[in-house]
Amino acid sequence: MTSEREHFWMPIPAPESKRHAFRGRQWDGSPAAESLCGSALSMARPSEMDWIQRPTCRHCWQELLERVSEPEPTCQDCPHRSGRRDPETIRAELERTESP
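Residues numbered from 1 in each chain as written. Predicted model: local features only at pLDDT ≥ 70, side-chain atom pairs only at ≥ 80, totals over all residues. Heavy atoms only, no water.

Undergrad: Looking at this model, I keep getting lost on the pattern of salt bridges. Mind explaining?
TA: A side chain of one charge can pair with a side chain of the opposite charge if their charged atoms are brought near each other. On inspection of all chains with the given rule, the structure shows three salt bridges. The partner of R54 in a salt bridge is D50, and the shortest N-O contact between them spans 3.3 Å. As far as burial versus exposure is concerned, R54 and D50 are alike and both buried. One salt bridge in this structure joins R67 and E63, with 3.1 Å as the shortest N-O distance. In this pair, R67 and E63 both sit in helix α2 (residues 58–67), four residues apart, roughly one turn of the helix. A relative accessible area of 25% means that E63 is categorised as partly exposed. (Salt bridge = Lys/Arg side-chain N within 4 Å of Asp/Glu carboxyl O. Buried < 20%, exposed > 50% of the residue type's maximum accessible area, 1.4 Å probe, protein only. Helix = DSSP H or I, 4+ residues; strand = E, 2+ residues; numbered from the N terminus.)

Rendered as structure tokens:
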């Protein structure tokens, strides 16, 4: 049984060419799966360059952010509000780092 919090990321080959999140703990070798954003995608074993070159699917990120029920603990002396990361803080961080 897969927990709602269990997911893994996987770079998907062309034409999709993005990293998507999938339900489960790890890829089971299946040739296709449905991502958290609802896309039915072909899957193949990625190379190291696939992990580096493929951008993250914003829809999968959004889906995971909406699932966050409790703030994520962070390191001591964190610059974020009260030393904890909430979905709004994570979203703002993503927007800053993934801007073209």
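Having seen the structure, we can now continue with the description.
Undergrad: Would you mind going over unusual backbone geometry with me for this structure?
TA: The linkage connecting A14 with the following residue, P15, adopts the cis geometry, with an omega of 10 degrees. Assignment of secondary structure puts P15 in the loop between β1 (7–11) and β2 (19–23). You will see that S17, though not glycine, has its phi angle at about 50 degrees, which is positive. With respect to the element layout, S17 can be found in the loop between β1 and β2. A residue is classified by how much of its surface remains accessible, and S17, at 24% relative accessible area, is partly exposed.

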